[in-house]
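Overview (structure and organization)
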Amino acid sequence: MAESMEKPPKDIARKEEEEEEEQSFEELGLDPRLIRALIKKGIEKPTPIQLVAIPLILEGKDVVARAKTGSGKTFAYLLPLLQKLFAASGSKNKLAPSAFILVPTRELCQQVYTEVSSLIELCRVQLKVVQLTSSMPASDLRTALAGPPDILVSTPACIPKCFSAGVLQPASINGSLEILVLDEADLLLSYGYEDDIKAFTAHIPKRCQCLLMSATSSGDVEKLKKLILHNAFILTLPEVGDIKDEVIPKNVQQFWISCSGRDKLLYILALLKLELVQKKVLIFTNTIDMGYRVKLFLEKFGIKSAVLNAELPQNSRLHILEEFNAGLFDYLIATDDSQTKEKEEANVESNAEPRKSRKHTKQKLDSEFGVVRGIDFKNVHTVINFEMPQSAAGYVHRIGRTGRAYNTGSSISLVSSDEMEVFEEIKYFLGEDENKDSNLISPFSLLSKNAVESLRYRAEDVAKSVTKVAVRESRAQDLRNEILNSEKLKAHFEVNPRDLDLLKHDKVLSKKPPAPHLRDVPDYLLDPTTQEASKFVKLARAAMGNTNPARRGGSKRKFKKNKDPLKTFSAEAPKRARNGGMKREDKDGNSHKHKNRKSS
Ligand SMILES: Nc1ncnc2c1ncn2[C@@H]1O[C@H](COP(=O)(O)OP(=O)(O)OP(=O)(O)O)[C@@H](O)[C@H]1O
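An account of the accompanying structure is given in this report. All of these numbers come straight from a predicted model, not from anything done at the bench.

**As for the site of the ligand**
Not every one of the 22 residues close to the ligand is listed here, only the nearest: Gly70, Lys73, Thr74, Glu184 and Asp376. In this structure, an oxygen atom belonging to the ligand sits 3.3 Å away from a side-chain N or O atom of Lys378. A distance of 2.9 Å is found between an oxygen atom of the ligand and a side-chain nitrogen or oxygen belonging to Arg401. For the ligand, the protein covers 92% of the area, taking 640 Å² as the surface of the free molecule. Per element, the largest residue contribution to the shell around the ligand is 3 residues, and it comes from helix α4 (residues 73–88). A breakdown of the residues in the shell around the ligand according to their chemical character gives 6 nonpolar, 8 polar and 8 charged.

Put into structure tokens, the structure is as follows:
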């Protein structure tokens with residue numbers, strides 16, 4: 001491991017300021033094959049974290065990189081890692097992989113594996129990457145590790161499993177391991193991998209280069225640093241350093257709506273049905289039941305969505321993610337942190353329920369599942385917190401699913417009085433100062449009270465029909481379907497890994513088909529101000545065009561904030577368009593050209 005050295009954040013900030021405009025991947029010393037591969041992916045210039053991390057990693061330094069969600073941390077370590085393996089690909093006397101990439105969830109495993117495989121394919125180099133999961137039988141682990149592969153992507157739990165199955169020898173790791181990456185390092189310990197990591201650290205050779213990537217700082221990252229990077233070169237990017245309000249990317253506008261818990265269905269209906277938010281939309285709930293409740297409710301109004309939660313089988317979850325990323329549906333309702341939540345519920349139930357059923361609840365959930373953390377949802381424009389997350393870190397990770405890389409995005413949190421405490425905590429964490437006019441999360445002003453009230457009667461009527469029994473039945477039915485599908489998917493994807501059309505995940509779950517009259521909101525119910533707001537949202541969408549930089553010829557930066565109707569419209573007071581909830585963004589006036597750059 002490399003020598004210890006703290007870089008003063010300011011130096012790096014300056015370096016970043018000076019170099020962001022002119023430095024290209026070539027100038028960072030990246031191999032032309034990798035640059036060509038990036039161009040094929042529509043990626044032309046490095047993000048700030050890549051600018052700083054790539055040269056350091058190429059130099060062989062140990063790096064701890066903290067940077068915002070969606071800031072491109074994966075390529076920041078993958079590109080130099082691959083380049084180093086290109087150079088070493090001649091030496092074949094290894095008994096174990098040269099690089100280990102450890103991530104907290106299986107979804108991330110799959111995501112990183114896909115990204116590495118695609119780069120290898122585009123670069124046309126002879127490198128082999130495998131992904132392991134701890135549920136794989138020993139024979140599959142043995143087959144995967146035969147060779148051995150150059151890169152192994154897995155959760156930390158797999159390593160001790162490989163040791164005990166005798167398919168990976170500690171001594172081989174000691175002789176072969178050159179680079180170790182702990183991605184989403186802030187989550188590894190909280191996901192319960194401490195013992196697995198400890199069991200493995202003893203075998204990491206001194207020469208091994210170690211990289212820790214994380215979005216938030218935490219005591220856990222410090223602990224891991226001590227555990228893995230005994231003598232490390234530490235890089236802490238200033239843009240996240242101790243400056244709390246920089247945790248959420250600047251290109252994400254954050255809004256909130258105050259409403260009672262009972263009215264949340266009504267509000268989400270208004271937001272979606274009146275088209276006040278831009279698609280694609282990722283909606284978060286705290287429990288799986290609530291996820292199904294929202295889905296059933298929305299489908300009565302002809303709004304189709306898919307759910308994603310810890311209970312669904314692995315193959316289905318991956319397929320739902322792929323379909324959503326490919327744009328096959330616009331609304332995804334995700335339940336995160338459900339493990340904790342379900343455990344809590346199981347504990348609450350424990351007084352009344354027999355032991356067996358509690359065990360069952362726990363067993364159903366997949367301990368390596370994480371629907372939000374680090375998953376690269378593509379082109380999500382809006383994140384809605386239907387229920388507030390349990391912590392500020394949870395909020396950061398949820399909101400980080402939009403505004404990724406150079407894209408813009410927005411978030412809307414529906415906050416009930418019960419959730420005000422956590423909301424205050426979140427605002428404090430983000431750096432909002434009560435004494436100053438620092439509204440980081442602004443009131444959402446596109447939705448007028450009239451518009452909400454005009455939908456109340458219908459919404460409340462339909463909400464009543466979405467009973468607990470209906471939710472339970474739909475959840476069970478969805479699970480049964482997905483278990484069946486999961487087997488089909490597995491077989492199918494072995495042959496057609498890219499086929500996305502086998503199954504549709506946004507199918508209607510209600511037993512009764514939605515009533516046709518609920519599909520459309522009649523004109524007499526439409527509030528004129530809201531209609532106007534909806535037009536503006538559509539205009540904003542048209543102005544932004546496709547969010548894929550490759551297809552837009554890398555013109556993301558051409559979209560100016562002051563042209564964004566979302567910034568210049570207020571439903572409550574259209575004539576004073578630049579006041580109210582949208583004022584903050586106008587005042588900030590950060591041009592998109594510099595959105596990823598620290599302003600101080
Ligand atoms: N230089 C770049 N230019 C444009 N897009 C990029 C660049 N680097 C990465 N991306 C894209 O940005 C998105 C986010 O990248 P990535 O998943 O690495 O973010 P992250 O920092 O790991 O986020 P998180 O902390 O949420 O995991 C991905 O879709 C990736 O392809």
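**Focus on unusual backbone geometry**
Residue Gly147 is joined to Pro148 through a cis peptide bond whose omega torsion reads -10°. Among the structural elements, Pro148 can be located in the loop between α6 (138–145) and β5 (151–154). A cis amide bond links Lys279 to the next residue, Lys280, at an omega of 5°. Relative to the elements of secondary structure, Lys280 occurs in the loop between α12 (264–273) and β10 (281–285). Positive phi outside glycine occurs at Arg124, with the angle close to 55°. Within the secondary structure, Arg124 sits in the loop between α5 (106–123) and β4 (129–132).

**A short note on the sheet that holds strand β7 (residues 209–214)**
The parallel open sheet is built from 6 strands, whose spatial order is β2-β7-β6-β3-β5-β4. Edge positions in the sheet fall to β2 (63–66) and β4, since each of these pairs with one other strand and no more. Adjacent strand axes in the sheet meet at a mean angle of 15°, parallel and antiparallel pairs treated alike. Note that β2 and β7 share 4 bridges and pair parallel. Its bridge partner being in β7, Val63 is matched across the sheet by Leu211. Against the sheet, α4 contacts β2, β3 (99–102), β5, β6 (179–182) and β7, and its axis sits at roughly 160° relative to β7.

**Focus on the environment of Tyr191**
The topology assignment puts Tyr191 in the loop between α9 (185–188) and α10 (194–201). For Tyr191, a relative accessible area of 21% corresponds to the partly exposed category. Considering only alpha carbons, one finds Tyr191 and Pro104, 87 residues apart in sequence, at a separation of 6.7 Å.

**Quick notes on the nonpolar core**
In terms of nonpolar packing, the biggest core is built from 119 residues, with Ile101, Ile151, Leu271, Phe297 and Leu447 touching the most fellow members. Top contributing element to this core by residue count: α4, with 9 residues. Filtering out sequence-adjacent residues up to four positions away, Ile151 remains in contact with Leu81, Leu82, Leu85, Pro97, Ala99, Ile101, Val116, Ile120, Lys128, Val129 and Val130. By size, the runner-up hydrophobic cluster in this structure holds 36 residues, among which are Cys158, Ile159, Cys210 and Ile228.

**Quick look at helix α2 (residues 32–40)**
Here α2 has its buried residues at Leu34, Ile35, Ala37 and Leu38. On an axial view of α2, the arc spanned by its buried residues comes to 160°, and they lie on one face. For α2, the exposed residues lying more than 90 degrees away from the buried face are Ile39 and Lys40. Buried residues along α2 sit against α4 and α5. Backbone nitrogen of Arg33 and a side-chain oxygen of the N-cap are separated by 2.8 Å at the start of α2; the cap is Asp31.

**What about the pattern of salt bridges?**
Applying the stated rule across the entire model yields 16 salt bridges. Lys264 is the partner of Glu419 in a salt bridge, and the nearest nitrogen-oxygen pair spans 2.6 Å. Here the residue Glu419 occupies a position in the loop between β14 (409–415) and α18 (420–430), and Lys264 occupies one in helix α12, the gap between them amounting to 155 residues. In this structure Lys264 comes out as buried when scored by relative accessible area, which is 4%.

**Some thoughts on the packing of aromatic side chains**
Enumeration according to the criterion identifies 6 aromatic pairs in this entry. Members of the aromatic cluster, connected to one another through ring pairs, are Phe324, Phe329 and Phe377. Positioned above the aromatic ring of Phe324 is the side chain of Lys280, whose terminal nitrogen or guanidinium carbon lies 4.8 Å from the ring centre. Above the plane of the ring of Trp256 lies Lys427, whose end atom (NZ or CZ) is 5.9 Å from the centre.

**Details of the sheet that holds strand β13 (residues 382–385)**
Strand order across the open sheet formed by 7 strands is β11-β12-β10-β13-β14-β9-β15, with parallel pairing between neighbours. A single partner strand is all that each edge strand has here, and the edge strands are β11 (306–308) and β15 (441–443). Here the average twist between neighbouring strands, direction ignored, is 25°. In terms of strand pairing, strand β9 (residues 252–258) meets β15 through 3 bridges, oriented parallel. Each residue of the ladder has a partner; that of Phe255, found in β15, is Ser442. Most of the contacts of helix α17 (residues 392–399) go to β13, to which it runs at about 150°, and overall it touches β9, β10, β13, β14 and β15. Across the sheet, α18 is in contact with β9, β14 and β15; its angle to β15 comes to roughly 130°.

**Quick look at the packing of α2 against α4**
Contact geometry for α2 and α4: axes closest at 10 Å, N-to-C directions at 140°. Classified by the angle between their axes, α2 and α4 sit oblique to one another. Between α2 and α4 lies a crossing whose hand is right-handed. Of the residues in α4, those in contact with Arg33, Leu34 and Leu38 of α2 are Phe75, Leu79, Leu82, Gln83 and Phe86. Class assignment of the residues belonging to the contact of α2 with α4 gives a composition of 6 nonpolar, 1 polar and 1 charged.

**Focus: helix α14 (residues 314–325)**
Taking 1.5 Å of rise per residue, the 12 residues of α14 would be expected to cover 16 Å, and the 17 Å separating its terminal C-alpha atoms lies within 8% of that figure. Among the 12 residues in α14, 9 count as buried, and that is most of the element. Phi turns positive one or two residues past the end of α14, at Gly327, with a value near 80°.

**Topic: the pairing of β3**
Put simply, side chains in a regular strand alternate between the two faces of the sheet. A two-sided burial pattern is seen for β3, the buried positions comprising Ala99 and Ile101 on one face and Phe100 and Leu102 on the other. In the sheet, β3 pairs with β6 via 4 bridges, with the strands oriented parallel. From the neighbouring strand, Leu102 faces β6, where its bridge partner is Leu182.

Cut-offs and rules
Residues numbered from 1 in each chain as written. Predicted model: local features only at pLDDT ≥ 70, side-chain atom pairs only at ≥ 80, totals over all residues. Heavy atoms only, no water. Near = heavy atom within 4 Å. Polar contact = N/O pair within 3.5 Å; in protein donor to acceptor, adjacent residues only side chain to side chain. Areas by Shrake-Rupley, 256 points an atom, 1.4 Å probe, with all protein chains shown as cover. Helix = DSSP H or I, 4+ residues; strand = E, 2+ residues; numbered from the N terminus. Nonpolar A, V, L, I, M, F, W, Y, C, P; charged D, E, K, R; others polar. Pairing = 2+ DSSP bridges. Axes fitted to C-alpha atoms, helices over the stretch in contact; angles between N-to-C directions. Contact = heavy atoms within 4.5 Å. Buried < 20%, exposed > 50% of the residue type's maximum accessible area, 1.4 Å probe, protein only. Core = buried A, V, L, I, M, F, W, Y, C linked by side-chain atoms within 4.5 Å. Arc of directions from axis to C-beta. Salt bridge = Lys/Arg side-chain N within 4 Å of Asp/Glu carboxyl O. Phe/Tyr/Trp six-rings, centres within 6.5 Å; stacked < 30°, edge-to-face > 60°. Lys NZ or Arg CZ within 6 Å of the ring centre and 35° of its normal. Parallel < 35°, antiparallel > 145°, perpendicular 65-115°, else oblique. Left-handed = near helix turned anticlockwise from the far one by under 90°. Expected span 1.5 Å × (residues − 1).

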